[in-house]
Amino acid sequence: MSENKSQARPFEPRVVAFFCNWCTYTAADLAGTSRIIYSPNARIVRLMCSGRLDPQFVCASFRMGADGVLIGGCHPGDCHYQEGNYKALRRYILLRRLLEEMGIEKERIRLEWISASEGEKVKKVMDEMIASLRKLGPLNLNDDMVAELEKSSKNAIEDLQAEFQGGVR
Amino acid sequence: MSKPKVGFYWCASCGGCEEAIVDLAEDILAVVDAVDISFWPVALDFKREDVEKMKDGEMAVGFVNGAIRTSEQCEMATLMREKSGVLIAFGSCSHLGGIPGLANLHDRKTIFDKVYFNSPSVANKEKTTPQPAVHKDDHDLELPIFWDTVKSLSQVVEVDYFLPGCAPPVGLIKNALKAILDGKLPEKGSVLAPDIALCNTCPRKDTKPENLLLKEFKRPHWAVIDSTNCLLAQGILCMGASTRSGCEAACITANMPCTGCLGPTGKIKDYGAKALSAIASMVDSTEADEITSRLDQIADPVGTFYRYSLPSSLLHRRKSSLSRGGGSE
């Protein structure tokens, strides 16, 4: 399934980026208004704070086909909500270890502090991450999972698709 | 009028769920009065053929415990589904994948290599491993196929209700049986346990600090555990915050932390990720190095946070053994 796809088109990493409203999302906005050119591979999701990033979002992104997840928050000490970014950092450190145990390479998840004025850093981080994902190749979690479930039950796939359409709460 | 038929079956499980039914003690007599147990291989002499002879839906309620890890278990789960009016996943393994589900960190090859070749106590010069089919001395022998991946019951067949727990607490079993006999089952797909976190019903609730910050995570055998204070506040990893109640805090009453066997509350999609989130955010530090060294005290994140739920997690199983091309294994 995926082999056919990759023959038709060269691999383009898919990244889900979770950016906080007050710093990193504003920085991405600045990168745009400053006409900075960077890799267009990320789907950016705006959160009010990096502390809102539930590790479930990261797992769901990978499962639904992301090759990498980027998390952007305010620099330490700069969080709009005092300590949301510290909570994000603690979760990120443990989640990364858990994901590695699950066979997902460390390079596929990255946390960066990017302030509202650092449009250039958005470009740098995004380009670096896409380059390292290109080296790693596709994660294919979605395809693998469907194939694995297919072995035992056809209904399971329909359920899985229905679940995807329902979204992850 | 004849009594409604009820059947029990076990798949990849330890037998503890069958024990839980026996734990009903004298109340089981009332159950036997009300229903006709028509299939229960662990306790009564019925065969697969007896079930096959039934009409579809003839068994009013089917209880299946254990995870699904072989082709035979999948066949039996499918058979139970066909013959049961209501199919109930009984216990953590069939509900979420359970402890056997941790085998999803491996696959058939790595498990067989360990069990049949590399384990220190194994002598297997002929390199014998279970084969799906063997022909020997004019006999055809078949063994069930051992899957790479362990699944929960609902990943294989449609399940009507889930009775959680490792094993399900007697109180929940009684409530479920009563609901079945009174015809008062809730909405299809429900977990037959209260949808509130264990922390909310914990006898030590009042000792849980408003803002929990931890400098150290201890494993239960490292510490002398105080028997009155919140276990988390003592640095013991307790999963009460993300786990469904219904067990009457049995482990905590025995001065041991919750390990999460009743699974997530209704709003949680992925138990392990949510439990990880709750625990990690309690680290009392803002420096990356210090946070890392404190979290390193959690020896086995997957085994801790997905102890009962790896197959039903969003990631389902470890990736590398399945990857096609470019993978390391």
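Keep in mind it's a predicted model, so treat the numbers as computed, not measured.

Asks: Outline the overall build of chain A, listing residues and values.
Replies: Each helix and strand in chain A was counted, giving seven helices and four strands. Start at the N end of chain A and walk to the C end: the helices and strands fall as α-β-α-β-α-β-α-β-α-α-α. Long-range pairs, those at least 24 residues apart, make up 80% of the contacts in chain A between residues at least 6 apart in sequence.

Asks: Outline the overall build of chain B, supporting the account with residue identities and numerical values.
Replies: Tallying secondary structure elements over chain B gives 12 helices and nine strands in all. C-alpha extents for chain B along the principal axes are approximately 65 × 55 × 35 Å. Split into buried and exposed, the 329 residues of chain B put 43% on the buried side. Considering only residue pairs separated by 6 or more positions, chain B has 74% of its internal contacts joining residues 24 or more positions apart.

Asks: Run through the environment of N200 of chain B, naming residues and quoting values.
Replies: All names here are of chain B. Looking at the secondary structure, you find N200 in helix α8 (residues 198-201). C-alpha of N200 to C-alpha of S245: the two residues are 45 residues apart in sequence and 8.2 Å apart in space. Those residues in contact with N200 that lie beyond four places of it in its chain are K205 and S245.

Asks: Describe in detail the sheet that holds strand β3 (residues 59-65) of chain B, supporting the description with residues and values.
Replies: Residues and elements named next belong to chain B. With parallel pairing, five strands are arranged side by side in an open sheet as β2-β1-β3-β5-β9. With partners counted over all chains shown, the strands left at the sheet margins are β2 (36-39) and β9 (161-163), one partner each. For this sheet the average axis-to-axis angle between neighbouring strands, irrespective of direction, equals 30 degrees. Bridge analysis of strand β1 (residues 5-10) against β2 gives three bridges, and the strand direction is parallel. Each residue of the ladder has a partner; that of G7, found in β2, is F39.

Asks: Lay out the pairing of β3 of chain B in plain terms, naming residues and giving numbers.
Replies: Residues and elements named next belong to chain B. β3 sits mainly inside the fold: six of its seven residues count as buried. Alignment of β1 against β3, held across six bridges, turns out to be parallel. Of the residues in β3, the one forming a bridge with W10 is N65. Pairing geometry for β3 and strand β5 (residues 84-90), over six bridges, is parallel. Following the sheet pairing, V64 is matched in β5 by A89.

Asks: Account for the interface of chain B and chain A, naming residues and giving values.
Replies: On the chain A side, the residues contacting the 34 residues of chain B number 36 residues. When contributions to the side of chain B that touches chain A are tallied by element, the ones reaching two or more residues are β8 (146-151), α10 (271-280), α11 (288-295) and α12 (301-305) of chain B. It is α10 of chain B that contributes the most residues to the side of chain B that touches chain A, five residues altogether. Classifying every residue of the side of chain B that touches chain A gives 16 nonpolar, 10 polar and eight charged.

Asks: Lay out the confidence of the model for chain B in plain terms, naming residues and giving numbers.
Replies: Residue and element names in this part refer to chain B. Summing up the model confidence of chain B, the mean pLDDT is 92 and the portion of residues at 70 or higher is 97%. Here residues 321-329 is modelled with pLDDT under 50, and outside its nearest four sequence neighbours on either side it reaches 13 contacts, counting other chains as well. On the interface metric, ipTM, the complex scores 0.92, and its pTM is 0.90.

Asks: Residues and numbers for the nonpolar core, please.
Replies: By size, the foremost hydrophobic cluster in this structure holds 81 residues, and its most contacted members are V15, F62 and V69 of chain A together with L276 of chain B. It is helix α4 (residues 84-101) of chain A that provides the largest number of residues to this core, a total of eight residues. Those residues within four positions of V15 of chain A in sequence are excluded, and the remaining contacts are N41, A42, A66, D67, G68, V69, L70, M129 and I130 of chain A. Core analysis: the next-biggest nonpolar cluster, separate from the first, contains 51 residues, Y9, V150, L177 and A193 of chain B among them.

Asks: Let's hear about the domain arrangement of chain B: which residues, and what values?
Replies: Domains assigned within chain B are domain 1 (5-99 + 148-181), domain 2 (107-147) and domain 3 (198-298). The straight-line distance from the C-alpha centre of domain 2 of chain B to that of domain 3 of chain B is 41 Å.

Asks: Tell me about helix α7 (residues 170-181) of chain B, and please be specific about residues and values.
Replies: Residue and element names in this part refer to chain B. Helix length check: α7 (12 residues) gives 16 Å between terminal C-alpha atoms against 16 Å at 1.5 Å per residue, within 8%. The set of residues buried in α7 consists of L172, I173, A176, L177 and I180. Along the axis of α7, the buried positions cluster into a sector of 135 degrees, meaning they face one direction only. Lining the buried residues of α7 we find α1 (16-22), α2 (27-34), β3 and β9. Two residues or fewer past α7, G183 is found with a positive phi of approximately 65 degrees.

Rules and cut-offs
Residues numbered from 1 in each chain as written. Chains lettered and ligands numbered in written order. Predicted model: local features only at pLDDT ≥ 70, side-chain atom pairs only at ≥ 80, totals over all residues. Helix = DSSP H or I, 4+ residues; strand = E, 2+ residues; numbered from the N terminus. Contact = placed C-beta atoms within 7 Å. Buried ≥ 20, exposed ≤ 12 C-beta atoms within 10 Å, placed from the backbone. Pairing = 2+ DSSP bridges. Axes fitted to C-alpha atoms, helices over the stretch in contact; angles between N-to-C directions. Nonpolar A, V, L, I, M, F, W, Y, C, P; charged D, E, K, R; others polar. pLDDT = per-residue confidence, 0-100. Core = buried A, V, L, I, M, F, W, Y, C linked by C-beta atoms within 7 Å. Domains from an automatic or database assignment. Expected span 1.5 Å × (residues − 1). Arc of directions from axis to C-beta.

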